[in-house]
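Remarks on the overall topology
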Amino acid sequence: MKNRLHLDVSPIDRSTADEVARLLDLGATRADVGQGQDGNWVVMADPEGNEFCVLRTLARQTEQK
């Protein structure tokens, strides 16, 4: 069954890579939904298989420069 709701996680205090590492430590896994390698987001799934994306928004990236 496909997700009814799709969440995007947008870390504001760490990089996307750091947030992905933190989520992997908490039990999430990377998910391949055909997104390719050149996207600026990472698709993941929680332990129950619910997919979500991790991405930094452009607004936050601009503010931190």
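Before reading further, recall that the structure is shown in the block above.
Residues numbered from 1 in each chain as written. Predicted model: local features only at pLDDT ≥ 70, side-chain atom pairs only at ≥ 80, totals over all residues. Heavy atoms only, no water.

Digging into the nonpolar core
- The biggest cluster of nonpolar side chains holds seven residues, and these are Val20, Leu23, Ala28, Val42, Met44, Phe52 and Val54.
- Elements with a contribution of two residues or more to this core: α1 (16–25), β3 (41–45) and β4 (51–55).
- Ala28 has contacts with Leu23, Met44, Ala45 and Phe52, leaving out every residue within four places of it along the chain.
- Core analysis: the second largest hydrophobic core is formed by five residues, Ala31, Val43, Cys53 and Leu55 among them. (Core = buried A, V, L, I, M, F, W, Y, C linked by side-chain atoms within 4.5 Å. Buried < 20%, exposed > 50% of the residue type's maximum accessible area, 1.4 Å probe, protein only. Helix = DSSP H or I, 4+ residues; strand = E, 2+ residues; numbered from the N terminus. Contact = heavy atoms within 4.5 Å.)

Thoughts on the pairing of β4
- Burial analysis of β4 places four of its five residues in the buried class, which makes it a mostly covered element.
- As paired elements, strand β1 (residues 7–9) and β4 share three bridges and run parallel to each other. Along β4, the bridge assignment pairs Leu7 with Phe52.
- With five bridges joining them, β3 and β4 adopt antiparallel strand pairing. Its bridge partner lying in β4, Val43 is registered against Cys53. (Pairing = 2+ DSSP bridges.)

Some words on the sheet that holds β3
- Spatially, β1-β4-β3-β2 is the arrangement adopted by the four strands of the open sheet, whose pairing is mixed. Both outer strands of the open sheet, β1 and β2 (29–30), are each paired with one neighbouring strand and no more.
- Taken together, the two bridges between β2 and β3 define a ladder with antiparallel strand orientation. Each residue of the ladder has a partner; that of Thr29, found in β3, is Ala45.
- Of the strands in this sheet, β1, β2, β3 and β4 are in contact with α1, which crosses β4 at around 145°. (Axes fitted to C-alpha atoms, helices over the stretch in contact; angles between N-to-C directions.)

Side note on the pattern of salt bridges
- Throughout the structure, instances matching the rule amount to three salt bridges.
- Asp13 is paired through a salt bridge with Arg14; the nearest N and O atoms lie 3.3 Å apart.
- Residue classification places Asp13 among the exposed positions, given a relative accessible area of 58%.
- With a closest N to O distance of 2.9 Å, Glu19 and Arg22 form a salt bridge. Taken together, the residues span about one helical turn, with Glu19 and Arg22 both in helix α1 at a distance of three residues.
- Each of Asp13, Arg14, Glu19 and Arg22 takes part in one network of salt bridges that share partners. (Salt bridge = Lys/Arg side-chain N within 4 Å of Asp/Glu carboxyl O.)

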